[in-house]
Amino acid sequence: QVQLVESGGGLVQAGGPLRLTCTASGRPFSSYAMGWFRQAPGEERDFVAGIGRGGYGSNYGYPEKGRFTISRDDAKSAVYLQMNSLKPEDTANYYCAAVRGLAVGTSAAEYDFWGQGTQVTVSS
């Protein structure tokens, strides 16, 4: 099992950068594929980015492609989401998720473990 805690959210001006961090406890962290999802009030929890075991096989959702970068540091039991050129429509609660396996899934239902989220608000 793995426990996840997100941090780094906050209020940011449109066009600016923000980096989210997900710290994990549990072993082995390296055995989990990791993902970032986001959910705005009244909307679905949508896939943002994912990264496979060992840092291979990264995947991104369409609106985030080219602006966001996911990375991981297994020695620190951490996964990161670097967000650049933020837009107001990026405003959401961002969740870190984990699934034990090789796949980098794009569906929330594929993930077994979740953090409680961190709020990102982008102002215009």
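My aim in this report is to walk through the structure given alongside it, one point at a time. Quick caveat: nothing in here was measured; it's all calculated off a predicted structure. Think of each chain on its own: its residues are numbered from 1, step by step along the sequence as written. Local features are withheld for residues below a pLDDT of 70 in this predicted model, meaning they are given only at 70 or higher, and side-chain atom pairs are given and counted only at 80 or more; totals for whole chains, interfaces and linings count all residues. Values shown for side chains rest on all heavy atoms present in the structure; no hydrogens or waters enter the calculation.

### What about the overall build of the chain?
Operational definition: A run of DSSP states H or I qualifies as a helix once it reaches four residues; a run of E qualifies as a strand once it reaches two. Both are numbered from the N-terminal end. The globule rule used for comparison is 2.2 Å times the number of residues to the exponent 0.38, while the radius of gyration itself is calculated over C-alpha atoms. For every residue, the accessible area (1.4 Å probe, protein chains only) is compared with the maximum for its type, and the residue is labelled buried under 20%, exposed over 50%, or partly exposed between those bounds. Every residue pair with non-hydrogen atoms within 4.5 Å of one another is taken to be in contact.
Each helix and strand counted, the chain has zero helices and 11 strands in total. Counting from the amino terminus, helix and strand elements in the chain follow one another as β-β-β-β-β-β-β-β-β-β-β. Over its C-alpha trace the chain gives a radius of gyration of 13 Å, about what one expects of a compact globule, namely 14 Å for 124 residues. Out of the 124 residues belonging to the chain, those deemed buried represent 45%. Of all intrachain contacts in the chain linking residues separated by at least 6 positions in sequence, the fraction that spans at least 24 positions is 59%.

### Some thoughts on the state of the cysteines
The criterion, for reference: Two cysteine sulfurs form a disulfide in these notes if their separation is within 2.5 Å.
On inspection of all chains with the given rule, the structure shows one disulfide. Two residues share a disulfide in this structure: Cys 22 and Cys 96, whose sulfurs sit 2.1 Å from each other. Measuring handedness by torsion sign, the sulfur bridge of Cys 22 and Cys 96 sits at about -80° and is left-handed. With Cys 22 in strand S3 (residues 18-25) and Cys 96 in strand S9 (residues 92-100), the pair connects residues that are 74 residues apart, well separated along the chain.

### Notes on the side chain of Ser 77
The topology assignment puts Ser 77 in the loop between strand S7 (68-73) and strand S8 (78-83). Note on Ser 77: relative accessible area 14%, which makes it buried.

### Things to note about the nonpolar core
Applicable threshold: Side-chain atoms within 4.5 Å are what join buried Ala, Val, Leu, Ile, Met, Phe, Trp, Tyr and Cys residues into a set we call a nonpolar core.
Counting residues in each nonpolar core, the largest one holds 27 residues, and the members touching the most others are Met 34, Trp 36, Leu 81, Met 83 and Tyr 94. Sorting the residues of this core by element identifies S3, strand S4 (32-39), strand S5 (46-51), S7, S8, S9 and strand S11 (118-123) as the ones contributing at least two each. In this structure Leu 81 touches Leu 18, Arg 19, Leu 20, Trp 36, Val 48, Ala 49, Phe 68, Thr 69, Ile 70 and Tyr 94, once residues within four positions along its chain are discounted. In this structure, Phe 47, Ala 97, Val 99 and Val 104 belong to the second largest nonpolar core, which totals seven residues.

### Some details on the pattern of salt bridges
Under the convention used in this document: Basic side-chain nitrogens of Lys or Arg form a salt bridge, by our definition, when they fall within 4 Å of a carboxyl oxygen of Asp or Glu.
The full count for this structure, using the stated rule, is three salt bridges. Among the salt bridges present, the one from Arg 38 reaches Asp 90, with a minimum N-O distance of 2.8 Å. Note that Arg 38 is positioned in strand S4 and Asp 90 in the loop between S8 and S9, a separation of 52 residues in sequence. We classify Arg 38 as buried; its relative accessible area is 11%. Overall, Asp 90 belongs to the buried group, its relative accessible area being 1%. Here Asp 90 makes a salt bridge to Arg 67, at a shortest N to O gap of 2.8 Å. Here Asp 90 is found in the loop between S8 and S9, whereas its partner Arg 67 is found in the loop between strand S6 (59-60) and S7, with 23 residues between them in sequence.

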